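Structural overview for review
Residues per chain are reported as follows:
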Amino acid sequence: MKNHILSALRLTLVMLVIVGIYSGIVYAGSKVLPTQGNAEIINYKGQKFYANIGQEFKSPKYFHGRPSAVNYNAAGSAGSNKGPSNEEYLQTVQKRIDTLKMQNPEMQNTKVPVELVTASGSGLDPDISPEGAAYQARRIAKERKIPLEKIESLIARQTETSAFGPSKVNVLKLNIALDELKY
């Protein structure tokens, strides 16, 4: 029994060292990132917004982000856990497609970008693809009475590229830039 206790204590000490080193590496790595592991906070018109968390935009004058399985509640981050064979999930996605096509009637014959009708794993994804933004550009141009070319140029300027993944557009930043657009 004495051998087992000593072995357990040694294993505990080794694991504490390993976990401590791992935690230090993760912490140090986060400090290399542009936001140093913190949320990106944007102050706009007297309000504080988190650019790292998806926001809900309902007005037709704004770009809409990904749907949220948690109604954009950051305290309850989660996906729906329903797969493509779930009938209820398929009905929800079809409803979203129908709504999107109704909101963007000039895009009836255009393929709907998947991120505009499916929630992310966290339910809080702040980004859409450039194609998702372009899908909504005509509606925004019409609602705001802005030339489509200006909206397309704005999308191009707000598109972030990465060597490690696909291009993306932060919906909050895009909508703020849209509000500040001079035309």
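The text that follows walks through the structure, step by step, so that each part is easy to find. Nothing here was measured: the structure is a model prediction, and the numbers come from that model.

**Quick notes on the pairing of strand β2 (residues 47-50)**
- One ladder, built from 4 bridges, connects strand β1 (residues 41-44) with β2; its direction is antiparallel. Counterpart to I41 in the pairing with β2 is Y50.
- The turn joining β1 and β2, which pair antiparallel and follow one another in sequence, is formed by 2 residues; a positive phi near 50° is taken by K45.

**A look at the layout of surface pockets**
- The space that makes up the largest pocket amounts to roughly 410 Å³.
- Lining the largest pocket we find 17 residues, and of these H64, G65, P67, Y72 and Q103 sit closest to its centre.
- Counted by class, the lining of the largest pocket contains 5 nonpolar, 7 polar and 5 charged residues.

**Section: a nonpolar patch on the surface**
- A grouping of L11, V14, M15, I18 and V19 is seen on the molecular surface, where their side chains present a nonpolar patch of about 440 Å² in accessible area.
- Note on placement: V14 falls in helix α1 (residues 2-32).
- When its relative accessible area of 46% is taken as the criterion, V14 is described as partly exposed.

What counts and how
Residues numbered from 1 in each chain as written. Predicted model: local features only at pLDDT ≥ 70, side-chain atom pairs only at ≥ 80, totals over all residues. Heavy atoms only, no water. Pairing = 2+ DSSP bridges. Helix = DSSP H or I, 4+ residues; strand = E, 2+ residues; numbered from the N terminus. 1 Å grid on protein atoms, 1.4 Å probe; cavity = no way out; pocket = protein on both sides within 12 Å on 5 of 7 lines; lining within 4 Å. Points joined across faces, edges and corners; volume = space filled by probe spheres on them. Nonpolar A, V, L, I, M, F, W, Y, C, P; charged D, E, K, R; others polar. Patch = residues over 30% accessible without salt bridge, like charges linked within 9 Å, V, L, I, M, F, W, Y side chains within 5 Å. Areas by Shrake-Rupley, 256 points an atom, 1.4 Å probe, with all protein chains shown as cover. Salt bridge = Lys/Arg side-chain N within 4 Å of Asp/Glu carboxyl O. Buried < 20%, exposed > 50% of the residue type's maximum accessible area, 1.4 Å probe, protein only.

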